[in-house]
Amino acid sequence: MNWLWYLTGALITSVAALLLWRGSDKRAEQRAWRHLTELASAPQAVYTPALVKDLPEPARRYFNYTIRPGALLKTVIELHMTGELGLGTRDAPNYRPMRAQQILAPPFGLVWRLWAGPISGSDGTTPEASWTRFWLFSLLPLVRVGGADHHRSAFGRVIAEGAFWAPASLLPGEHISWEPLGEDSARAVVVFNGLRQSVDITVAPSGEPTRVLIQRWSNENPGKVFRTQPFGGYLSEFREFEGYRLPTRVEGGNHLGTPLYFPFYKAHVTTIRFPAPPAPERTDSPIQ
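Residues numbered from 1 in each chain as written. Predicted model: local features only at pLDDT ≥ 70, side-chain atom pairs only at ≥ 80, totals over all residues. Heavy atoms only, no water.

1. Let's talk about helix 2 (residues 57-66)
Rules: Exposure classes here rest on a 1.4 Å probe applied to the protein chains alone. A residue is buried below 20% of its type maximum, exposed above 50%, and partly exposed in between. Helix and strand assignments follow DSSP, with helices taken as H or I runs no shorter than four residues and strands as E runs no shorter than two, numbered in order from the N terminus.
Within helix 2, seven of the ten residues are buried, leaving the element largely enclosed by the surrounding structure. Every buried residue of helix 2 is accounted for by Pro58, Ala59, Arg61, Tyr62, Phe63, Tyr65 and Thr66.

2. Digging into the pairing of strand 3 (residues 109-116)
Convention followed: Between any two strands, pairing holds if DSSP finds at least two bridges.
Where burial is concerned, most of strand 3 is hidden: seven out of the eight residues are buried. What sits between strand 2 (residues 95-105) and strand 3 in their antiparallel hairpin is a turn of three residues. Note that strand 3 and strand 4 (residues 119-125) share seven bridges and pair antiparallel. Looking at strand 4, one finds that Leu110 is bridged to Thr125. With antiparallel pairing between neighbouring strands as the criterion, strand 3 and strand 4 make up a hairpin whose turn holds two residues, including Gly117 at a positive phi of roughly 65°.

3. Here's the deal with the environment of Pro127
Along the polypeptide, Pro127 turns up in the loop between strand 4 and strand 5 (130-136). The sequence separation of Pro127 and Gly194 amounts to 67 residues, and the corresponding C-alpha distance is 9.8 Å.

4. Concerning the side chain of Arg216
Here is the rule: When charges are tallied, Lys and Arg are placed among the positive residues and Asp and Glu among the negative ones, while His and the ends of the chain are skipped. Whenever Lys or Arg places a side-chain nitrogen within 4 Å of a carboxyl oxygen from Asp or Glu, that contact is recorded as a salt bridge. By definition in these notes, contact holds between two residues if any of their heavy atoms fall within 4.5 Å.
Summarising the element assignment, Arg216 is placed in strand 10 (residues 209-218). Buried Arg216, no salt bridge; nearest opposite-charge side chain is Asp123, N-O distance 6.7 Å. Ignoring any residue separated from it by four or fewer positions in sequence, one finds Arg216 in contact with Ser153, Ala154, Arg157, Arg227, Thr228, Gln229 and Phe231.

5. Quick notes on the environment of Glu242
As a reminder, the rule being used: For this analysis, a polar contact is any N or O atom pair within 3.5 Å, provided that within protein one partner can donate a hydrogen and the other can accept it, and provided that sequence-adjacent residues contribute only side-chain to side-chain pairs.
Its place among the elements puts Glu242 in the loop between strand 11 (227-241) and strand 12 (244-254). Remark: the alpha-carbon pair of Glu242 and Ala71, spanning 171 residues in sequence, is separated by 7.3 Å. The residues contacting Glu242, other than those within four sequence positions of it, are Ala71, Lys74 and Phe274. Within the local environment of Glu242, its side chain forms a polar contact with the side chain of Lys74, the two groups lying 2.9 Å apart.

6. Thoughts on the pattern of salt bridges
If you walk through the whole model with that rule in mind, you get 14 salt bridges. Of the charged contacts in the structure, one is a salt bridge between Arg249 and Glu237, with a shortest N-O distance of 3.3 Å. Taken together, the residues Arg249 in strand 12 and Glu237 in strand 11 connect sequence positions twelve residues apart. Residue classification places Arg249 among the partly exposed positions, given a relative accessible area of 35%. Sharing partners across several salt bridges, the network here consists of Glu57, Arg61 and Asp184.

7. Side note on the packing of aromatic side chains
This is how it is decided: Two aromatic rings, drawn from Phe, Tyr or Trp (for Trp, its six-membered ring), form a pair once their centres lie within 6.5 Å of each other, and the interplanar angle then sorts them: stacked below 30 degrees, edge-to-face above 60, tilted otherwise.
Going through the model one piece at a time under the given rule, you end up with twelve aromatic pairs. Considering the side-chain rings of Tyr95 and Phe262, the 6.5 Å spacing of their centres and the 50° angle between planes classify their relative orientation as tilted. Of this pair, Tyr95 sits in strand 2 while Phe262 is found in strand 13 (residues 262-273), placing the two residues 167 residues apart along the sequence. Taking relative accessible area as the criterion, Tyr95 reaches 25% and is therefore assigned partly exposed. Taking 5.1 Å as the distance between ring centres and 40° as the angle between the ring planes, the aromatic pair formed by Tyr244 and Phe274 counts as tilted.

8. Some remarks on the environment of His268
Considering the arrangement of structural elements, one finds His268 in strand 13. The exposure class assigned to His268 is partly exposed, which follows from its relative accessible area of 27%. Residue contacts for His268: discarding those within four places in its chain leaves His80, Met81, Thr82, Gly83, Thr248 and Arg249.

9. Examining the confidence of the model for the protein chain
Test applied: Values of pLDDT, ranging from 0 to 100, describe the predictor's confidence in every residue of the model.
Here the protein chain shows a mean pLDDT of 90. Residues at 70 or above account for 87%. Long-range and interchain partners of residues 282-288, a stretch whose pLDDT sits below 50, account for zero contacts in this model, where long-range means more than four residues apart.

10. What about unusual backbone geometry?
For the peptide bond that leads from Pro106 to Pro107, omega is 0°, which places it in the cis range. With respect to the helices and strands, Pro107 occurs in the loop between strand 2 and strand 3. Backbone geometry places Asn94, a non-glycine residue, at a positive phi of 50°. By secondary structure assignment, the location of Asn94 is in the loop between strand 1 (77-86) and strand 2. Classification of Asn94 by relative accessible area gives partly exposed; the value is 36%. A positive phi angle, near 50°, is found at Glu242, a position not held by glycine.

Here is the structure:
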């Protein structure tokens, strides 16, 4: 019966190693989440239409709709969402219920924690690195991707979702410029940390953003070759959160605006909050 003991020991060792690996992933997610939260410095300025007076008219409409005059300028946001995730193809989407938590801090990065039935894990990016790590039953590694191409692609997602939910991150400044496109659309160009990403925003007459489109570095194509291709989403059901009008329904995916469009992401945002900056560490000595 020695073989049974050896087999049992090998199984226990394998499961323990996988649990340690999964735990390491979770700790890395938590470190990135904390780091992005630390970027939520105390706002020192408030929004006024004068900040965007020199922008193309559709961009002015976008900001004046999404940010109330007098709102504190905040660029770090936490979201909770439910919805559907398409795990298949355009012709056979295989939608599954999902829930997720996210911190978004454009242009620095994001962490998106996902639970979809037996699948869990996260997407994330920081200025230094990015990852996609998903697990089956929180035990078996299912997808693990990173590297330079992935980082460039992940940066595109950060900027696109910034246009969804963090409009103050696109106010003109050191890293951001704007270009006119048409009567109802304008383009923001973000240059940060050696990366460049443009984002096209289409607005209604009221200024409500209805569509966000980027040309994303991606290999989500039949040839699985990294190239620039359309990606983005449609926004609806806006609600106000601390002076910001933000969408609570987003449908998006690859090849937006083409016959290949596959809306694999259908999200209903249930909670939006702006995290407070961490309290400064005390430097005084305790009383003896």
